[in-house]
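# Descriptive structure summary
The lines below spell out each chain.
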Amino acid sequence: MSLRAEAPPAADRLHRFTAAERWVHRTTAALMGVCVATAACLYVPQLAVLVGRRELVVRIHECAGLALPVPVLLGLASRAFRRDLGFLNRFGPHDRLWLHAALARDRRPSSRPAGKFNAGQKIYANWIAGASLVMLVTGLMMWFTRLTPLMWRTSATFVHDWLALTIGVVLGGHIGMALADPEARRGLRTGSVSREWAGREHPLWRP
């Protein structure tokens, strides 16, 4: 049986994400999108009237919320995914420089040193992970009403609703930044990025 050799990667491309990492990102994004869309249909009167079938929307929202952690948990089987989680959870002196430049609106690449992930991506990843966990816990408290006192459920509803609004705003910013960077989107779509982009946006990254 003959084995067909894979074509070597182009000289001007760098491997950035594995297939497993891209799958985790796409699946998580799809589930998060379902959660946000169904939440909008539940809380915006115009959408609620347009869509109708509130009970079905509630069930879809609950199932998508429960499934949200699953892609990440399955992704832990990938060594590359675990390594990138380590990068996202590790802040260094260069991240403080990146944040200072971002706050000062200094867009010079030389003023924003970054490894595989910049400081903004690290903060977003950690924040959205924590927010999703809080949403899951408060959602379960609202779903299983007999497990917690009324005061807890009332507080959980308040936190769930306002945090959902915050997540929607933050996700909008995340999507807007992604739309402004075609090469970053290409990296998540194909797994590779150009050397020129990597050297400009992530000069400290050593693939």
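Note that this is a predicted model, so its numbers are computed, not measured. (Residues numbered from 1 in each chain as written. Predicted model: local features only at pLDDT ≥ 70, side-chain atom pairs only at ≥ 80, totals over all residues. Heavy atoms only, no water.)

### Here we look at the overall build of the protein chain
A tally of regular secondary structure across the protein chain gives 10 helices and 2 strands. In sequence order, the secondary structure elements of the protein chain are arranged as β-α-α-α-α-α-α-α-α-α-β-α. Counting only C-alpha atoms and orienting by the principal axes, one finds that the protein chain spans roughly 60 × 60 × 35 Å. Taking contacts inside the protein chain between residues at least 6 apart in sequence as the whole, the part at least 24 apart equals 69%. Measuring between centres, the 27 positive side-chain charges of the protein chain sit 2 Å from its 13 negative side-chain charges. (Helix = DSSP H or I, 4+ residues; strand = E, 2+ residues; numbered from the N terminus. Contact = heavy atoms within 4.5 Å. Lys, Arg positive; Asp, Glu negative; His and termini not counted. Charge placed at Lys NZ, Arg CZ, Asp CG, Glu CD.)

### Points about the side chain of Ser 132
Inspection of the secondary structure puts Ser 132 in helix H7 (residues 119-143). In this structure Ser 132 comes out as buried when scored by relative accessible area, which is 18%. One polar contact links the side chain of Ser 132 to the main-chain carbonyl oxygen of Ile 128, over a distance of 2.7 Å. (Buried < 20%, exposed > 50% of the residue type's maximum accessible area, 1.4 Å probe, protein only. Polar contact = N/O pair within 3.5 Å; in protein donor to acceptor, adjacent residues only side chain to side chain.)

### As for the side chain of Ser 192
Relative to the helices and strands, Ser 192 resides in strand S2 (residues 192-194). Excluding anything up to four places from it in sequence, Ser 192 contacts Arg 13, Leu 14, His 15, Arg 16, Glu 183, Arg 186 and Gly 187.

### Focus on the nonpolar core
Counting 9 residues, the largest nonpolar core consists of Leu 31, Met 32, Leu 68, Ile 128, Ala 131, Met 135, Leu 163, Ile 167 and Leu 171. Sequence-distant contacts of Leu 163, that is, excluding residues within four places in its chain, are made with Trp 127, Ala 131, Val 134 and Met 135. In this structure, Leu 14, Val 193, Trp 197 and Trp 205 belong to the second largest nonpolar core, which totals 5 residues. (Core = buried A, V, L, I, M, F, W, Y, C linked by side-chain atoms within 4.5 Å.)

### Observations regarding a nonpolar patch on the surface
On the surface, a cluster of nonpolar side chains totalling about 600 Å² of accessible area is made up of Val 134, Phe 158, Val 159, Trp 162, Leu 165 and Val 169. When residues of the nonpolar patch are assigned to their parent elements, the largest contribution, 5 residues, is made by helix H8 (residues 150-179). Its location among the elements puts Val 169 in helix H8. For Val 169, a relative accessible area of 58% gives the class exposed. (Patch = residues over 30% accessible without salt bridge, like charges linked within 9 Å, V, L, I, M, F, W, Y side chains within 5 Å. Areas by Shrake-Rupley, 256 points an atom, 1.4 Å probe, with all protein chains shown as cover. Salt bridge = Lys/Arg side-chain N within 4 Å of Asp/Glu carboxyl O.)

### Structural notes on the packing of aromatic side chains
Counted by the stated rule, this structure contains 3 aromatic pairs. When the ring centre of Phe 117 is taken as reference, the NZ or CZ atom of Arg 16 above it lies at 5.6 Å. Lys 122 extends its terminal NZ or CZ atom over the ring of Phe 91, reaching a point 5.6 Å from the ring centre. (Phe/Tyr/Trp six-rings, centres within 6.5 Å; stacked < 30°, edge-to-face > 60°. Lys NZ or Arg CZ within 6 Å of the ring centre and 35° of its normal.)

### Thoughts on the packing of helix H1 (residues 19-43) against helix H3 (residues 54-67)
Relative orientation of the contacting elements H1 and H3 amounts to 150°, with a least axis distance of 9 Å. When the axes of H1 and H3 are compared, the pair comes out roughly antiparallel. Between H1 and H3 the crossing geometry is left-handed. Contact residues: H1 offers Leu 31, Val 34, Cys 35, Thr 38, Ala 39, Cys 41 and Leu 42, while H3 offers Arg 54, Val 57, Val 58, Ile 60, His 61, Ala 64, Gly 65 and Ala 67. Looking at the contact of H1 with H3, its residues break down into 11 nonpolar, 3 polar and 1 charged. (Axes fitted to C-alpha atoms, helices over the stretch in contact; angles between N-to-C directions. Parallel < 35°, antiparallel > 145°, perpendicular 65-115°, else oblique. Left-handed = near helix turned anticlockwise from the far one by under 90°. Nonpolar A, V, L, I, M, F, W, Y, C, P; charged D, E, K, R; others polar.)

### What to know about unusual backbone geometry
Phi at Arg 105 takes a positive value of approximately 60°, unusual for a residue other than glycine. Take Arg 105: it is sitting in the loop between helix H6 (93-103) and H7.

### Describing the confidence of the model for the protein chain
Confidence in the prediction for the protein chain averages 89 pLDDT; 95% of positions are at 70 or higher. Here helix H2 (residues 45-51) stands out as the element of the protein chain with the lowest mean pLDDT, 81, in contrast to helix H4 (residues 70-75), whose mean of 96 is the highest. Here residues 1-8 is a poorly scored stretch, pLDDT under 50, and it has 0 contacts once near neighbours within four places are set aside; other chains count. (pLDDT = per-residue confidence, 0-100.)

### Comments concerning helix H5 (residues 79-88)
For H5, the complete set of buried residues consists of Ala 80, Phe 81, Asp 84 and Leu 88. For H5, the angular spread of the buried residues around the axis is 100°, confining them to a single face. Tucked into the core, H5 has its buried residues touching H1, H4 and H7. Two to three positions downstream of the cap, the backbone nitrogen of Ala 80 sits 3.4 Å from a side-chain oxygen, assigning the N-cap of H5 to Ser 78. (Arc of directions from axis to C-beta.)

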